[in-house]
Amino acid sequence: MIYSIQNEVLTARVSALGAQLMCLQGADSTQYLWQGDPKYWPDRSLTIFPCVARLTQGSYRYRGKLYHMPIHGFAPTSEFTILEHGGTSLTLGLDSSPKTYEMYPFHFRFAIRYSLEEATLS
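Each chain carries its own residue numbering, running from 1 in the direction its sequence is written. Given that this is a predicted model, residues contribute local features only at a pLDDT of at least 70 and side-chain atom pairs are listed and counted only at 80 or more, while totals for whole chains, interfaces and linings are drawn from all residues. Only heavy atoms go into the side-chain values, all of them from the structure, while hydrogens and water stay out.

Next up on the list: the overall build of the protein. The helix and strand labels rest on DSSP assignments: H or I over at least four residues marks a helix, E over at least two residues marks a strand, and numbering proceeds from the N terminus. Summing up its helical and strand segments, the protein has one helix and nine strands in all. In terms of overall dimensions, the protein has a C-alpha envelope of 55 × 35 × 20 Å along the principal axes. Accessibility here uses a 1.4 Å probe with only protein chains present; expressed as a share of the type maximum, an area under 20% marks a residue as buried, one over 50% as exposed, and anything in between as partly exposed. Across the 122 residues in the protein, those meeting the buried criterion constitute 39%. Throughout, a contact is declared for two residues whenever any of their heavy atoms are within 4.5 Å. Sequence separation of at least 24 residues holds for 46% of the intrachain contacts in the protein that already meet a minimum separation of 6. What sets the accessible areas is the Shrake-Rupley method with a 1.4 Å probe; for residues, cover comes only from the shown protein chains. Here the protein has roughly 7,500 Å² of accessible surface; of this, 54% comes from carbon and sulfur atoms. Residues counted as positive are Lys and Arg, residues counted as negative are Asp and Glu, and His and the chain ends are not counted. Lysine's charge is taken at NZ, arginine's at CZ, aspartate's at CG and glutamate's at CD. Of the charged side chains in the protein, 10 are positive and 10 negative; the average position of the first set lies 15 Å away from that of the second.

Structure follows, in structure tokens:
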């Protein structure tokens, strides 16, 4: 699902898959965000959690148990839920689950908020 927020200056579109910013466009149709090209890199603006970059051999050990995790963690491929959606702001969340415990044995609630104010996206 793609969610949109906008004001008189900007429109932002965010995918529930990975809470990834997909589009940041001005009122004059100027596109301010890379639109992806599978030849080079298909993504736009990854949300990275719980780790940045690649783990050595794709794994880590915690309390004697080996855990495997993909590059940049599991957030980029996780479906986020909507926590708040107003005209100019959007908050998406991801909670720990049996699937995440297989890679990351910690309880968490991860939220990301996008907000437009004049010509600024926060």
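There's more to say after this.
This next bit is on unusual backbone geometry. With omega at 5°, the peptide bond leading from Phe49 into Pro50 counts as cis. In this structure, Pro50 sits in the loop between β3 (21-26) and β4 (59-62). One non-glycine residue with positive phi stands out, namely Ala19, at about 50°. Among the structural elements, Ala19 can be located in the loop between β2 (10-15) and β3. On the basis of relative accessibility, which here comes to 0%, the residue Ala19 falls in the buried class.

With that out of the way, let us pick up the packing of aromatic side chains. Two rings belonging to Phe, Tyr or Trp (six-membered ring only in the last case) form a pair when the distance between their centres is within 6.5 Å. Interplanar angles under 30 degrees mark stacking, angles over 60 mark edge-to-face geometry, and anything in between is tilted. In the structure shown here, the tally under the stated rule is 11 aromatic pairs. In this structure an aromatic cluster arises from ring pairing among Phe49, Tyr62, Phe74, Phe80, Tyr104, Phe106, Phe108 and Phe110.

The next thing to look at is the pairing of strand β6 (residues 81-85). Pairing of β6 with strand β7 (residues 89-95) involves four bridges; the strand directions are antiparallel. Looking across to β7, one finds that His85 is bridged to Leu90. As consecutive antiparallel partners, β6 and β7 are separated by three residues. DSSP calls a pair of strands paired once it identifies at least 2 bridges connecting them.

Moving on, we come to the nonpolar core. Phe49, Phe74, Phe80, Leu92 and Phe108 are the most contacted members of the largest nonpolar core, which has 26 residues in total. When contributions to this core are tallied by element, the ones reaching two or more residues are β1 (2-6), β2, β3, β7 and β8 (109-117). Sequence-distant contacts of Leu92, defined by excluding residues within four places in its chain, comprise Tyr3, Val14, Ser15, Ala16, Ala19, Phe80, Thr81, Ile82, Leu83, Phe110, Ala111 and Ile112. Among buried residues, the Ala, Val, Leu, Ile, Met, Phe, Trp, Tyr and Cys ones that are joined through side-chain atoms within 4.5 Å form a nonpolar core.

The next subject is the side chain of Thr100. Its place among the elements puts Thr100 in helix α1 (residues 98-101). Residues adjacent in sequence count toward polar contacts only when both atoms are side-chain atoms; beyond that, a polar contact is any pair of N or O atoms within 3.5 Å, and within protein one must be able to donate a hydrogen and the other to accept it. Side-chain polar atoms of Thr100 contact the backbone nitrogen of Ser97, separated by 2.8 Å. Leave out the neighbours within four places in its chain, and Thr100 touches Phe74, Asp95 and Phe108.

For the rest of this paragraph, the subject is the side chain of Gln20. Among the structural elements, Gln20 can be located in the loop between β2 and β3. Every residue in contact with Gln20, bar those within four places of it in the chain, is listed here: Arg13, Val14, Ser15, Asp43, Arg44, Ser45, Leu46, Thr47 and Tyr114.

Here we come to the pattern of salt bridges. Salt bridges, as used here, are contacts in which a Lys or Arg side-chain nitrogen is within 4 Å of a carboxyl oxygen on Asp or Glu. Counting across every chain of the model gives one salt bridge. Residue Asp95 pairs with Arg109 through a salt bridge whose shortest N-O separation is 2.7 Å. With Asp95 in strand β7 and Arg109 in strand β8, this pair connects stretches of sequence that are 14 residues apart. Since its relative accessible area comes to 35%, Asp95 is described here as partly exposed. Judged by its relative accessible area of 59%, Arg109 is exposed.

By themselves, these observations are geometric and do not establish any function.
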